[in-house]
Amino acid sequence: MLEIHQLHKSYPIGDSSLHVLKGIDLTVEDGEMVAIMGSSGSGKSTLLNIIGMLDEADSGDYILDGLPIKNLTEKKAAVYRNKFLGFIFQSFNLINYKNALENVALPLYYQGMKRKERQELAMFHLGKVGLTNWAHHLPKELSGGQNQRVAIARALAANPKLLLADEPTGALDMATSYEIMEFIQQLNDEGKTILIVTHEEDIANMCKRIVRLRDGVIMEDKKVNQVRVSQNV
Amino acid sequence: MFDLDLWREIFQSINKNRTRSLLSGFTVAFAILLFAILFGIANGLQNTFKEAFGTDANNSIVIFPGRTTKAYKGLQVGRQIQFKNDDRAYILDEFGDKVQYITSKVNKSVSASFKGEKNNYEVRGVYPEYMFIENNIIKDGRYINQNDLNNKTKVVVIGRVVEDYLFFKENAIGKYINLSGIQYKVVGVFTDDEGDREESVIYMPITTTQFVYGNNDFVDLIHLTYNPEMNSDQALNFGTSLTKRLKERFSVASSDQRAIRVQNMAQGTKAVGQMTTGLTFIILIIGFGTLIAGVVGVSNIMIFIVKERTKEIGIRKALGASPKSIVSIILMESILITAIAGYVGLLAGVGVLKLVGPSLKEYFIKDPSVSSGLVIGATITLVLAGAIAGYLPAKKASQIKPIVALRND
């Protein structure tokens, strides 16, 4: 699904530059659920951004589902993001003046799908996250957990190959976090490949594999026994 | 080009941010309002000038004979120049293509009476073309025609004031009027919007006047209009060469200012034309300045909008929005706001002109209005202005990097 070789990335800070990623090698197979851990500044978010084509590496190879991702034009990157990737953010990043249904339908709009079709599909995904009755509410009328579920429905709407989650539970309380994680585990059970950036051990343990970053290199990469949320709660 | 979904997005965005859209629209609406009012006032001033020059054809040239003030070619000073019928023919021969209408004129003063009513009036012996030179309007009957001219018929066309006074609102057509002892048949009544003085005149075929008063072919003055296709410079040149040729014809020194005088309206027309052009130019500059201020205002607010929507644009990009779709959404929003606001401003401007227009007459502003051509032009300008105002912000928006936009705050 995903292959990364010798990935380097640095950011200019004034005259000098900050070397954030110092040669990352990572391979993720279909159907995996990987937690990327590390303290702040370890480069975990940068790595996720590069995988999400929101940022570009300085050097190294990145192959997504057999496609080399390099020197993309903005337009091409937009198409790839739309087709291959679903994003879940810590702060949900819903568009505040659009209701839940419209938010979920947005990636489908950029796919060029007809209005009626995309509303049906968006409704279906909202149903999957259990928010059918909240379809016409604005984000501010929903709780944090509900908002994150809308965001997950949006990430799923375009049927992406890879789901990228950046601290998906960072803004949620414990109970809601577990609820969301349970849902993400279900998605993984259905075969979705999922990458989660987190700094919380318990969240990481709910994945099948943990990759630990420190100072821009991978310190540890191990498979773990997944903690099922349903048993835990 | 027409994409219903895009428009839906734009309307949603405008609708959800009404205050913001209203604010940006306000500048443009105000700019256009001012522009429309200024333009209307300029038009009103022009109308006043036009009216001040009356409805006499403003391309007319009048030639008066006088006495010579200089001895020339052995002829004495103080010789009276006398125009005759063939001078009209001479001008037509020499300058035929530059002349629109031409008439010779004989002026007499008469005492007119009808059934005991009596008054003194001016009689003008003229050619039928004179009607077009004076811009007279026939109220009843007809004007003098070629037949009258050929047969020296004793017919007259009287002004409205003459009819009112002598005929007591009785229909004058077909009645006989006594002018200094001779009976003439009234064949027409005319009006002239230059006022009572011009309507207290009696017209007669020039041949009749010449026959009755002295049986000669003397002419008091020649009145003509030049070809309206000539511009004012050409008309001035025509006037100069006409003067020169007539002076040669009557053996008058070219420096003699009194013997033959040529009054050319083109001089006034040119001055007024220059003044109106100047005025229009100033108004256009002011109007454009206001419009530019409006555009800058919208541009400013659009930049602010882009800044405010950075996160939203980042989200859209992360979800697969192409730079083009970001540009079009911002650009279209800008165009839409500018066009609608501008149109509202324009309508308001036209409304204000309609409302206060009539009361401005005493300030030399008559019928201030905006032409439909200007409205169309302004609409196109507005769409362009909106595009210009939105372009930079839109470009900026399309360059937003999603990671920057989505960085957790």
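Basis of the calculations
- Residues numbered from 1 in each chain as written.
- Chains lettered and ligands numbered in written order.
- Predicted model: local features only at pLDDT ≥ 70, side-chain atom pairs only at ≥ 80, totals over all residues.
- Helix = DSSP H or I, 4+ residues; strand = E, 2+ residues; numbered from the N terminus.
- Buried ≥ 20, exposed ≤ 12 C-beta atoms within 10 Å, placed from the backbone.
- Contact = placed C-beta atoms within 7 Å.
- Nonpolar A, V, L, I, M, F, W, Y, C, P; charged D, E, K, R; others polar.
- Pairing = 2+ DSSP bridges.
- Expected span 1.5 Å × (residues − 1).
- Arc of directions from axis to C-beta.
- Core = buried A, V, L, I, M, F, W, Y, C linked by C-beta atoms within 7 Å.
- Axes fitted to C-alpha atoms, helices over the stretch in contact; angles between N-to-C directions.
- Parallel < 35°, antiparallel > 145°, perpendicular 65-115°, else oblique.
- Left-handed = near helix turned anticlockwise from the far one by under 90°.

Enquirer: Account for the overall build of chain A, with residues named and values stated.
Expert: Counting its secondary structure elements, chain A contains eight helices and 10 strands. Here chain A, with 233 residues, has 45% of them falling under the buried criterion. The contacts in chain A between residues at least 6 apart in sequence include a share of 68% that link residues at least 24 apart.

Enquirer: Mind laying out the overall build of chain B, listing which residues take part and the relevant values?
Expert: Along its length, chain B carries 14 helices and 12 strands. By the burial criterion, 38% of the 409 residues in chain B qualify as buried. A separation of at least 24 residues holds for 80% of the contacts in chain B among residues at least 6 apart in sequence.

Enquirer: Explain the interface of chain A and chain B residue by residue, including any values.
Expert: Taken residue by residue, the interface counts 22 residues in chain A and 16 residues in chain B. Those elements that provide at least two residues to the side of chain A that touches chain B are helix 2 (74-84) and helix 3 (100-111) of chain A. Counting residues per element, the side of chain A that touches chain B draws most heavily on helix 2 of chain A, at six residues. The residue inventory of the side of chain A that touches chain B, partitioned by class, reads 11 nonpolar, six polar and five charged.

Enquirer: Let's hear about the pairing of strand 1 (residues 60-65) of chain B: which residues, and what values?
Expert: Residue and element names in this part refer to chain B. As judged from the four bridges shared by strand 1 and strand 11 (residues 221-226), these two strands associate in the antiparallel manner. Considered in strand 11, the bridge of Ile 63 is made with Ile 222. Pairing of strand 1 with strand 12 (residues 260-264), which is carried by five bridges, proceeds in the antiparallel orientation. Within the sheet, the bridge partner assigned to Ile 63 lies in strand 12 and is Val 262.

Enquirer: Got a sec to walk through helix 1 (residues 4-16) of chain B? Specific residues and values, please.
Expert: Residue and element names in this part refer to chain B. Taking 1.5 Å as the rise per residue, helix 1 with 13 residues should run 18 Å; its terminal C-alpha atoms sit 18 Å apart, in good agreement. For helix 1, the full list of buried residues reads Glu 9, Ile 10 and Ser 13. The buried residues of helix 1 occupy one face: seen down the axis, they fall within an arc of 95°. Pointing more than 90 degrees away from the buried face of helix 1 are the exposed residues Leu 4, Phe 11 and Asn 15.

Enquirer: Help me get a handle on helix 9 (residues 232-249) of chain B, residues and values and all.
Expert: Residue and element names in this part refer to chain B. Between its first and last C-alpha atoms helix 9 spans 25 Å; for 18 residues at 1.5 Å apiece the expected length is 26 Å, and the two agree. Those residues of helix 9 lying buried are Ala 235, Gly 239, Leu 242 and Leu 246. Here the buried residues of helix 9 occupy an arc of 65° about the axis, which is enough to place them on one side. Of the exposed residues in helix 9, the ones pointing more than 90 degrees away from its buried face are Asp 233, Thr 240 and Glu 248. Ser 251 sits one or two residues past helix 9 and shows a positive phi near 50°.

Enquirer: So what about the nonpolar core? Which residues, and what values?
Expert: Core analysis: the biggest nonpolar cluster contains 116 residues, and A:Ile36, A:Val104, A:Leu164, A:Ala165, A:Leu195 and B:Ile32 have the highest contact counts within it. Among the elements that line this core, the one with the most residues is helix 12 (residues 323-356) of chain B, at 12 residues.

Enquirer: How would you sum up the packing of helix 5 (residues 144-157) of chain A against helix 6 (residues 174-189) of chain A? Please name residues and give values.
Expert: All names here are of chain A. Interhelical geometry of helix 5 versus helix 6 gives an angle of 20° and a closest axis separation of 10 Å. By the criterion of interaxial angle, the relationship of helix 5 to helix 6 is roughly parallel. Classified by chirality, the crossing of helix 6 by helix 5 is right-handed. Of helix 6, the residues touching helix 5 (which contributes Gly 144, Gly 145, Gln 148 and Ile 152) are Thr 176, Glu 179, Ile 180 and Phe 183. Grouping the amino acids of the contact of helix 5 with helix 6 by side-chain chemistry returns three nonpolar, four polar and one charged.

Enquirer: Tell me about the packing of helix 1 of chain B against helix 12 of chain B, residues and numbers included.
Expert: Residues and elements named next belong to chain B. At their nearest, the axes of helix 1 and helix 12 sit 10 Å apart, and the two run at 65° to each other. The handedness of the crossing between helix 1 and helix 12 comes out as right-handed. Seen from helix 1, the contacting residues are Leu 6, Glu 9, Ile 10, Ser 13 and Ile 14; seen from helix 12, they are Ser 328, Ile 329, Met 332, Glu 333, Leu 336 and Ile 337. Of the residues contributing to the contact of helix 1 with helix 12, the split by class is seven nonpolar, two polar and two charged.

Enquirer: Run through the sheet that holds strand 10 (residues 217-223) of chain A, naming residues and quoting values.
Expert: Residue and element names in this part refer to chain A. Taken in spatial order, the six strands of this open sheet run 6-7-8-3-9-10, and their pairing is mixed. Among the strands making up the open sheet, the edge pair consists of strand 6 (85-88) and strand 10. Neighbour-to-neighbour, the strand axes of the sheet open up by a mean angle of 15°, direction not taken into account. Relative to strand 7 (residues 162-166), strand 6 is paired through four bridges, and the arrangement is parallel. Bridge pairing in strand 7 places Phe 87 opposite Leu 164. The sheet contacts of helix 1 (residues 44-51) involve strand 3 (33-37), strand 7, strand 8 (193-198) and strand 9 (209-214), and relative to strand 8 the element is tilted by about 150°.

Enquirer: Residues and numbers for the sheet that holds strand 1 (residues 2-13) of chain A, please.
Expert: Residue and element names in this part refer to chain A. In space, the four strands of this open sheet follow the order 2-1-4-5, with antiparallel pairing throughout. Sheet topology places strand 2 (16-28) and strand 5 (67-68) at the edges, where each strand pairs with a single neighbour. Bridge count for strand 1 against strand 2 is 10 bridges, and the pairing is antiparallel. Its bridge partner being in strand 2, Ile 4 is matched across the sheet by Leu 26.

Enquirer: So what about the pairing of strand 4 (residues 117-126) of chain B? Which residues, and what values?
Expert: Residues and elements named next belong to chain B. Taken together, the nine bridges between strand 3 (residues 99-114) and strand 4 define a ladder with antiparallel strand orientation. Paired with Ala 112 across the bridge in strand 4 is Asn 119. Linking strand 3 back to strand 4 in an antiparallel pair, the connection comprises two residues, with Lys 115 at a positive phi of about 45°. Relative to strand 9 (residues 201-205), strand 4 runs parallel, the two being bridged by five bridges. The residue of strand 9 that forms the bridge with Arg 124 is Tyr 203.

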